[in-house]
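Overview (structure and organization)
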Amino acid sequence: MLEKIRETADYIKSRVGDIPQSAIILGTGLGELANAITDKREIPYTEIPNFPVSTVEGHSGKLIFGKLGDNEVIAMQGRFHYYEGYTMKEVTFPIRVFQALDVKYLFVSNAAGGMNGSFDIADIMLIDDHINMFPEHPLHGKNFNELGTRFPDMSNAYDKDLRRLAMEIAKENNIKLQHGVYVGTQGPTFETPAEYNYFRIMGGDAVGMSTVPEVIVANHAKMKVLAFSIITDLGVIGKIVEVTHEEVQEAAKIAQPKMAFIIKEVIKRLNK
Ligand code: HPA
């Protein structure tokens, strides 16, 4: 595994040279943030040795290097979901490559169902914490001490200082920013009403099919994480209606410029 990570990191370095300290994972329907990136250099996943290839509708699958505002970033357009059949090691492989490339900050976005009764469709939720409901753990198996400790602490999985910064930026710019706990599930089914209710009782505010594996590995790698959910449908008793992938993408589209703005500002202030 270590050789593969190194080989992939070396390939990327040979293609782009200097590597930015911030990486962004663009979630379902959130690929448009990529349009805000200028001076772009793109590497399709199909060209990257050892990279899995994304298959899900709405994910085009490439690494984008360029500037968000004045700052260099890497963006992953298209991520690998467990429900597509990838192993957890494949789902989180890009995070290991970022680690090998000395990326310090990981920004993650996703589409999620809102279970908190005060949420509306197209709200943005800052993820304060998560509950891992995936059936397999991304750190299951042999631990490589070169990559991180056997028993990683998860008390600040979503970095407090980055969250404070995001909240400040949202407030200064009159952007409504909810916050709460993200429940990560394997999918691909959306939840039954009873499951939404269960996740709510358990302490969740939003539920989705991604993010948790990548965030666990980023914490193992000692990266600082900031993550956002766009609330694309409501799993709130009395408000539950049929959900489609198209509706999820539509709601994500509405919220994404605001989320992109917050991420851009956070990166700007980190680089000051
Ligand atoms: N559940 C799980 N994943 C999701 C949802 C949901 O309601 N909405 C968008 N992704």
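Preceding this section is the structure that the text describes.
Which parts of space are left empty comes out when a probe the size of a water molecule is rolled across the atoms. Looking at the largest pocket, its volume works out to about 330 Å³. Looking at the lining of the largest pocket, the elements that each hand over two or more residues are β5 (105-114), β8 (206-208), β9 (224-234) and α7 (245-270). It is β5 that provides the largest number of residues to the lining of the largest pocket, a total of four residues. Of the residues that constitute the lining of the largest pocket, the class distribution is ten nonpolar, nine polar and three charged. A volume near 250 Å³ is recorded for the second largest pocket. D153, N156, N219, K222 and M223 are the residues nearest the centre of the second largest pocket, which is lined by 13 residues in total. Put simply, the parts of the chain that give the lining of the second largest pocket at least two residues each are α6 (212-220) and β9. Taken together, the residues that form the lining of the second largest pocket break down as four nonpolar, five polar and four charged.

This brings us to the site of the ligand. In the vicinity of the ligand, the contacting residues are A111, A112, G113, F190, E191, Y196, V207, G208, M209, T232, D233 and V248. In this structure, A111 approaches the ligand through a main-chain N or O atom, which is 3.3 Å from a nitrogen atom. The contact in question runs from a nitrogen atom of the ligand to an N or O atom on the side chain of T232, over 3.4 Å. Protein chains bury 96% of the 260 Å² of accessible surface belonging to the ligand in isolation. Applying the majority rule of atoms within 2 Å of the grid points places the ligand in the largest pocket. Listed by contribution, the elements that provide at least two residues to the shell around the ligand are β5, β8 and β9. By residue number, the principal contributor to the shell around the ligand is β5, which donates three residues. Split into classes, the residues belonging to the shell around the ligand amount to seven nonpolar, three polar and two charged.

Viewed as axis vectors pointing N to C, helix α1 (residues 2-16) and helix α3 (residues 93-100) meet at an angle of 65°, and their least axial separation amounts to 9 Å. The orientation of α1 relative to α3 falls into the category roughly perpendicular. Here the hand of the crossing between α1 and α3 comes out right-handed. Taking contact as the criterion, the partners of K4, I5, R6, T8, A9 and I12 in α1 are, on α3, F93, R96, V97 and A100. Its residues assigned to classes, the contact of α1 with α3 comprises six nonpolar, one polar and three charged.

What follows concerns helix α4 (residues 160-172). For α4, built from 13 residues, the straight-helix expectation of 18 Å at 1.5 Å per residue is met to within 8% by its first-to-last C-alpha distance of 18 Å. When α4 is considered as a whole, its buried residues turn out to be L162, R163, L165, A166, I169 and A170. Angularly, the buried residues of α4 cover 160° about the axis, an arc narrow enough to put them on a single face. Turning to α4, the residues buried within the fold contact β5, β6 (124-132), β7 (177-184), β9 and α7. Downstream of α4 by one or two residues, N174 has phi in the positive range, about 50°.

Rules and cut-offs
- Residues numbered from 1 in each chain as written.
- Predicted model: local features only at pLDDT ≥ 70, side-chain atom pairs only at ≥ 80, totals over all residues.
- Heavy atoms only, no water.
- 1 Å grid on protein atoms, 1.4 Å probe; cavity = no way out; pocket = protein on both sides within 12 Å on 5 of 7 lines; lining within 4 Å.
- Points joined across faces, edges and corners; volume = space filled by probe spheres on them.
- Helix = DSSP H or I, 4+ residues; strand = E, 2+ residues; numbered from the N terminus.
- Nonpolar A, V, L, I, M, F, W, Y, C, P; charged D, E, K, R; others polar.
- Near = heavy atom within 4 Å.
- Polar contact = N/O pair within 3.5 Å; in protein donor to acceptor, adjacent residues only side chain to side chain.
- Areas by Shrake-Rupley, 256 points an atom, 1.4 Å probe, with all protein chains shown as cover.
- Sits in = over half its atoms within 2 Å of the grid points.
- Axes fitted to C-alpha atoms, helices over the stretch in contact; angles between N-to-C directions.
- Parallel < 35°, antiparallel > 145°, perpendicular 65-115°, else oblique.
- Left-handed = near helix turned anticlockwise from the far one by under 90°.
- Contact = heavy atoms within 4.5 Å.
- Expected span 1.5 Å × (residues − 1).
- Buried < 20%, exposed > 50% of the residue type's maximum accessible area, 1.4 Å probe, protein only.
- Arc of directions from axis to C-beta.

Treat this as a map of the structure, not an account of what it does.
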